[in-house]
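Coordinate inspection notes
These are the residues of each chain, in order.
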Amino acid sequence: MLEAFYATERGSLEDTTINGGFDLHQDLVWIDLIAPSQEEQQWVFDAYNQNLPTLKSLEDISSSARFYRDDDGILHISTYFLTKNKNYQVDDGEPEDNSILATVQTVAFILHKNRLFTMRGEKLVAFRAFRARARRNDYEIDYKDPTWVLLGLLEAKLDELADILEDIHRDLEKYSTEVLNNRHREQILDLDDMITRLAQLEDILGKAQLCLIDLRRVLTFLSRPRALGSHIYDADIRELSEDVRSLVEHDAFLFQKVRFLLDTTSGFINTEQNDTIRRFSILPSMLAPPMLIASIYGMNTDVLPFAHGTTSFIIVCTILVAFFIGPMIYFRWKKWI
């Protein structure tokens, strides 16, 4: 899939229909390729003489080659984007079982002096949000300069990460109420399911941290004097860097909260298991006296007291019941069972 955008007179971005390589004219500012076919990549090469990486090479690219300028002065950036699984939320608001909640994919940016190429494996929320923002152009940015498109996409990525962290924070507040409320925990909550949900949130936080750290490296690279060739972008890059720093700290806080809830939930599970084992250990002590009396009167001898007659049978049964009920009342009073 190939999408292309041009800048209007007031600087906003508008998309245009691409039916073939002949539609790729020189006025286009942003060429966005989503899982492109070889034919579409050939269109780009014929129109702009620009080679594009393959999707497989994006995943295998080494960290040392993620941000650089080539000999022709073309800027190459490969960065991670976090995307939620479409099945993350089901109708009742709970995550589906056995589903990956979020995935990280690499997006390639190739910046010419007058054009930006982006390449990715699938559609991303951040790109859709940026297109809507650039079409409105509320901040009156001149998107005829493709560098502003690059910075806008990085800002949209940061906003998406912030939204994901906010969702996780809201989920953790709900989970805290469920775990720490004694009545809800004992009567309704499935602690094993809670462990799974918390582990899934921790996985998302880890991937979000990876994307934030990667974005910080990108911004550090772009802040170098020769990276973009101008100082007019410095203020925006510094602002994005500050936002990244605050989100990294927030992500670390959420990590600690998840670890606290995981430890607390595991502690409650251990307590329940200990209570179950204690009940099983109490049961033999309650049954031991009746079993001893039944064993004695089960011997083949006539010299035992209360060994004959209906009255003797009732007395022995009464003693057995007393030995069984007595410990039960005691342990119940001690709240051990």
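Before reading further, recall that the structure is shown in the block above.
First things first, this report covers the structure right here in the doc. (Residues numbered from 1 in each chain as written. Predicted model: local features only at pLDDT ≥ 70, side-chain atom pairs only at ≥ 80, totals over all residues. Heavy atoms only, no water.)

**Looking at the environment of Q209**
Relative to the assigned elements, Q209 resides in helix 6 (residues 191-222). We classify Q209 as partly exposed; its relative accessible area is 28%. In this structure, the C-alpha to C-alpha distance between Q209 and D251, residues 42 residues apart in sequence, is 6.7 Å. Excluding residues that lie within four positions of it along the chain, Q209 makes contacts with D251 and F255. (Helix = DSSP H or I, 4+ residues; strand = E, 2+ residues; numbered from the N terminus. Buried < 20%, exposed > 50% of the residue type's maximum accessible area, 1.4 Å probe, protein only. Contact = heavy atoms within 4.5 Å.)

**Describing the packing of aromatic side chains**
All chains considered together, the criterion is met by ten aromatic pairs. When the centroid spacing of 5.5 Å and the interplanar angle of 55 degrees are considered together, the rings of F81 and F127 count as tilted. Of this pair, F81 sits in strand 5 (residues 75-84) while F127 is found in helix 3 (residues 125-136), placing the two residues 46 residues apart along the sequence. Just as F81 is buried, F127 falls in that class too. Taking 5.0 Å as the distance between ring centres and 65 degrees as the angle between the ring planes, the aromatic pair formed by W148 and Y233 counts as edge-to-face. Within this pair, whereas W148 is found in helix 4 (residues 146-180), its partner Y233 is found in the loop between helix 7 (225-228) and helix 8 (234-297), the two being separated by 85 residues in sequence. Each member of the pair, W148 as well as Y233, carries the same accessibility label: buried. One Lys or Arg, K157, reaches over the ring of F81 and ends 5.2 Å from the middle of that ring. (Phe/Tyr/Trp six-rings, centres within 6.5 Å; stacked < 30°, edge-to-face > 60°. Lys NZ or Arg CZ within 6 Å of the ring centre and 35° of its normal.)

**Quick look at the packing of helix 4 against helix 6**
One way to put it is that helix 4 packs onto helix 6 with a least axis distance of 10 Å and a crossing angle of 155 degrees. By the criterion of interaxial angle, the relationship of helix 4 to helix 6 is roughly antiparallel. Helix-helix and strand crossings are classified by hand; for helix 4 and helix 6 the assignment is left-handed. Taken together, the residues of the contact of helix 4 with helix 6 sort by class into 23 nonpolar, no polar and five charged. (Axes fitted to C-alpha atoms, helices over the stretch in contact; angles between N-to-C directions. Parallel < 35°, antiparallel > 145°, perpendicular 65-115°, else oblique. Left-handed = near helix turned anticlockwise from the far one by under 90°. Nonpolar A, V, L, I, M, F, W, Y, C, P; charged D, E, K, R; others polar.)

**Comments concerning helix 6**
Between its first and last C-alpha atoms helix 6 spans 46 Å; for 32 residues at 1.5 Å apiece the expected length is 46 Å, and the two agree. Two to three positions downstream of the cap, the backbone nitrogen of D192 sits 3.2 Å from a side-chain oxygen, assigning the N-cap of helix 6 to D190. (Expected span 1.5 Å × (residues − 1). Polar contact = N/O pair within 3.5 Å; in protein donor to acceptor, adjacent residues only side chain to side chain.)

**Quick look at a nonpolar patch on the surface**
Judged by side-chain polarity, L287, M291, V321, F324, I325 and I329 come together as a nonpolar surface patch covering roughly 520 Å² of accessible area. Of all the secondary structure elements, the ones that give two or more residues to the nonpolar patch are helix 8 and helix 9 (310-333). Ranked by the residues each element gives to the nonpolar patch, the list is headed by helix 9, at four residues. Within the secondary structure, F324 sits in helix 9. (Patch = residues over 30% accessible without salt bridge, like charges linked within 9 Å, V, L, I, M, F, W, Y side chains within 5 Å. Areas by Shrake-Rupley, 256 points an atom, 1.4 Å probe, with all protein chains shown as cover. Salt bridge = Lys/Arg side-chain N within 4 Å of Asp/Glu carboxyl O.)

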